[in-house]
Amino acid sequence: KIIKCDRSTQTRCYEFLNMTSRSFAAVIQNLDVELRDVICLFYLILRGVDTIEDDMTIPIEKKDPLLRDFYKILRVEGWRFEENGDQERDRQLMLEFYVVIDEFLRLKEKYQNILTNMCKRVANGMADCATHAAHNADGLITLEDFDKYCHYVAGLPGIGLTQLFIASGLETELTEKDEALANSMGLFLQKVNITRDYLEDVSHGRWYWPKAIWSQYTSDLSALPNPGNEMAALNCLSAILLNALQHVTQNLTYMSRLHNQSVFEFCAIPQVMAIATLTLMFRNIDVYRKVVKIRKGQALSVSILKLRDNAYRLD
Ligand SMILES: O=C(O)CO[C@@H](C(=O)O)[C@@H](OCCCCCc1ccc2ccccc2c1)C(=O)NCCCCCc1ccc2ccccc2c1
Ligand SMILES: [Mg+2]
Ligand SMILES: [Mg+2]
């Protein structure tokens, strides 16, 4: 059996990780060797699925089956996707997706099974919501719709990550019972993202803010940035941030169960960045004018990790 010793496809995967993720690249590369490759690939696979979900130039008749069958593509060597219309940043990843597939097929079987199962559940959930949104111009209506959508795109990745932490043997206090807490970890990050990306999403016809919240302040979600609506806009912003904030206590409980230093940092740093983003957005009208961002995610993660290393040196 010829063991392929050129690890160029692995190197290419980490180039894609750094190309497509500001906030996760540093904390994924900081993980213990047992988890680093599988979580890098988990990220790239779901980034691929999300690129299809986010692309508003793909008609729903094509998008729905493409999402639902995506998990099968993980075993189609050589597969690539060329039709990305409005997703510039992830375009190269899709053109060379066969690199992700090559590396996925080299993973231990227990990791392949977790990634395949999670990819299927996330993509099916996205397809369900995309089809519902295609027939409902107002997007998500109830608070339950909001939590269900965030469960599919971020809660399930959190549940999958928890399964990987357990399967790796690095986290023994976590159990499948902690699904609600793992779900909450993802919901918080996703809700802060959805709040921050208001203008970019609304300008692309993606309506993620739940009507149950915004309809108390305006009859049209896209009218909030209009002059004269400042008070309504700020009060609506406070209401949606309060909805996100409800997850923080559960997230502290989840993180209190972690014992591996690199897993803790992988979980805690995105949470800290999300709390900083939430604070920056609180009653900040700029949310309706641009995408408000804390210092570049990557730089922040790296500086926190450097702080840790220096702290060790001081001990
Ligand atoms: O297009 C964009 O740039 C943003 O897309 C957002 C969207 O389209 O809604 C949206 O796309 C979601 C679907 C695809 C990506 C899911 C993902 C994210 C981070 C990962 C980290 C490691 C491993 C796997 C990962 C998978 C997005 O990226 N939202 C950011 C929040 C996602 C949080 C998932 C997550 C990450 C780390 C966690 C750690 C611990 C517990 C739960 C966790 C849960
Ligand atoms: Mg998306
Ligand atoms: Mg996206």
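Predicted model, so just to flag it, every value in this text is computed and none were measured.

### Observations regarding the overall build of the chain
The helix and strand tally for the chain stands at 16 helices and 0 strands. Compactness check: the chain gives a C-alpha radius of gyration of 20 Å against a globular reference of 20 Å for 315 residues, within 12% of the reference. C-alpha atoms of the chain, sized along the principal axes, occupy 70 × 55 × 35 Å. Every one of the 315 residues in the chain was classed for burial, and the buried ones make up 51%. Put simply, of all contacts in the chain between residues at least 6 apart along the chain, 74% involve residues at least 24 apart.

### What to know about the pattern of salt bridges
Here the structure, examined in full by the defined rule, presents 16 salt bridges. Close ionic contact of D197 with R196 constitutes a salt bridge, the shortest N to O distance being 2.8 Å. Given a relative accessible area of 13%, R196 falls into the buried group. Here the salt bridges do not stand alone but share partners, grouping R12, E15 and E96 into one network.

### Side note on the coordination of the magnesium ion (ligand 3)
Surrounding the magnesium ion (ligand 3) are the protein donor atoms D50 (OD) and D54 (OD), which sit 2.0 to 2.1 Å from the metal. In this structure the magnesium ion (ligand 2) is found 3.4 Å away from the magnesium ion (ligand 3), and D50 serves as a bridging donor for the pair. Within this pair, D50 and its partner D54 are both found in helix α3 (residues 33–54), separated by 4 residues, close to a single helical turn. For the residue pair D50 and D54, the accessibility class agrees, reading buried in each case.

### Topic: the coordination of the magnesium ion (ligand 2)
Coordination of the magnesium ion (ligand 2) by the protein involves D50 (OD), E53 (OE) and D54 (OD), with metal-donor separations of 2.0 to 2.1 Å. Read in sequence order, the donor residues for the magnesium ion (ligand 2) give the motif D-x2-E-D.

### Brief notes about the packing of aromatic side chains
How two aromatic rings sit relative to each other is given by the distance of their centres and the angle of their planes. Enumeration according to the criterion identifies 11 aromatic pairs in this entry. Between F24 and Y43 the ring centres are 6.1 Å apart and the planes differ by 45°, which places this aromatic pair in the tilted class. In this pair, F24 is assigned in the loop between α1 (8–20) and α2 (25–29) and Y43 in helix α3, connecting sequence segments 19 residues apart. Given the relative accessible area of 24%, F24 is considered partly exposed. Residue Y43 is classed as buried on the basis of its relative accessible area, which comes to 12%. Seen in terms of ring centroids, F70 and F97 are 5.5 Å apart; in terms of plane orientation they differ by 75°. Their pairing is edge-to-face. In this pair, F70 sits in helix α5 (residues 70–73) while F97 sits in helix α7 (residues 97–104), placing the two residues 27 residues apart along the sequence. When sorted by exposure, F70 lands in the same class as F97, which is buried. Members of the aromatic cluster, connected to one another through ring pairs, are F70, W79, F81 and F97. Here the guanidinium or amino end of R12 rests over the ring plane of F16, the centre of that ring lying 4.4 Å away.

### A look at the confidence of the model for the chain
Predicted coordinates in areas of low pLDDT are best not read in detail. Taken as a whole, the chain shows an average pLDDT of 94; of its residues, 98% reach a score of 70 or greater. Among the scores for the predicted complex, ipTM is 0.97 and pTM is 0.95.

### Examining the packing of α3 against helix α4 (residues 60–68)
Contact geometry for α3 and α4: axes closest at 10 Å, N-to-C directions at 165°. Between α3 and α4, the angle falls in the class roughly antiparallel. By crossing handedness, the relation of α3 to α4 is classed as left-handed. Between α3 and α4, the contacting residues are V49, I52, E53 and D54 on the first element and K63, L66 and L67 on the second.

### A word on the packing of α1 against α3
A pair of packed helices is characterised by two quantities: the angle between their axes and the separation of those axes. Taken N-terminus to C-terminus, the directions of α1 and α3 make an angle of 55°; their axes are 10 Å apart at the nearest point. Taken together, α1 and α3 sit at an angle that is classed as oblique. Taken as a pair, α1 and α3 cross one another with a handedness that is left-handed. The segment α1 lies against α3, with Q10, C13, Y14, F16, L17 and T20 engaging R36, D37, C40, L41, Y43, L44 and R47. A class-by-class count of the residues in the contact of α1 with α3 yields 8 nonpolar, 2 polar and 3 charged.

### Considering the site of ligand 1
The immediate surroundings of ligand 1 are formed by 22 residues, with R47, D50, D54, R89 and Q190 found nearest. The separation between an oxygen atom of ligand 1 and a polar side-chain atom of D50 is 2.9 Å. N193 is positioned such that a nitrogen or oxygen atom in its side chain is 3.4 Å from a nitrogen atom of ligand 1. Considered on its own, ligand 1 offers 830 Å² of accessible surface; in the complex 93% of this is hidden by protein. Looking at the shell around ligand 1, the elements that each hand over two or more residues are α3, α9 (143–167), α10 (179–196) and α15 (261–281). Grouping the amino acids of the shell around ligand 1 by side-chain chemistry returns 14 nonpolar, 4 polar and 4 charged.

What counts, and where the lines are drawn
Residues numbered from 1 in each chain as written. Chains lettered and ligands numbered in written order. Predicted model: local features only at pLDDT ≥ 70, side-chain atom pairs only at ≥ 80, totals over all residues. Heavy atoms only, no water. Helix = DSSP H or I, 4+ residues; strand = E, 2+ residues; numbered from the N terminus. Rg over C-alpha atoms; globule rule 2.2 N^0.38 Å. Buried < 20%, exposed > 50% of the residue type's maximum accessible area, 1.4 Å probe, protein only. Contact = heavy atoms within 4.5 Å. Salt bridge = Lys/Arg side-chain N within 4 Å of Asp/Glu carboxyl O. Donors = N, O, S within 2.8 Å, 3.2 Å for Na, K, Ca; no water. Phe/Tyr/Trp six-rings, centres within 6.5 Å; stacked < 30°, edge-to-face > 60°. Lys NZ or Arg CZ within 6 Å of the ring centre and 35° of its normal. pLDDT = per-residue confidence, 0-100. Axes fitted to C-alpha atoms, helices over the stretch in contact; angles between N-to-C directions. Parallel < 35°, antiparallel > 145°, perpendicular 65-115°, else oblique. Left-handed = near helix turned anticlockwise from the far one by under 90°. Nonpolar A, V, L, I, M, F, W, Y, C, P; charged D, E, K, R; others polar. Near = heavy atom within 4 Å. Polar contact = N/O pair within 3.5 Å; in protein donor to acceptor, adjacent residues only side chain to side chain. Areas by Shrake-Rupley, 256 points an atom, 1.4 Å probe, with all protein chains shown as cover.

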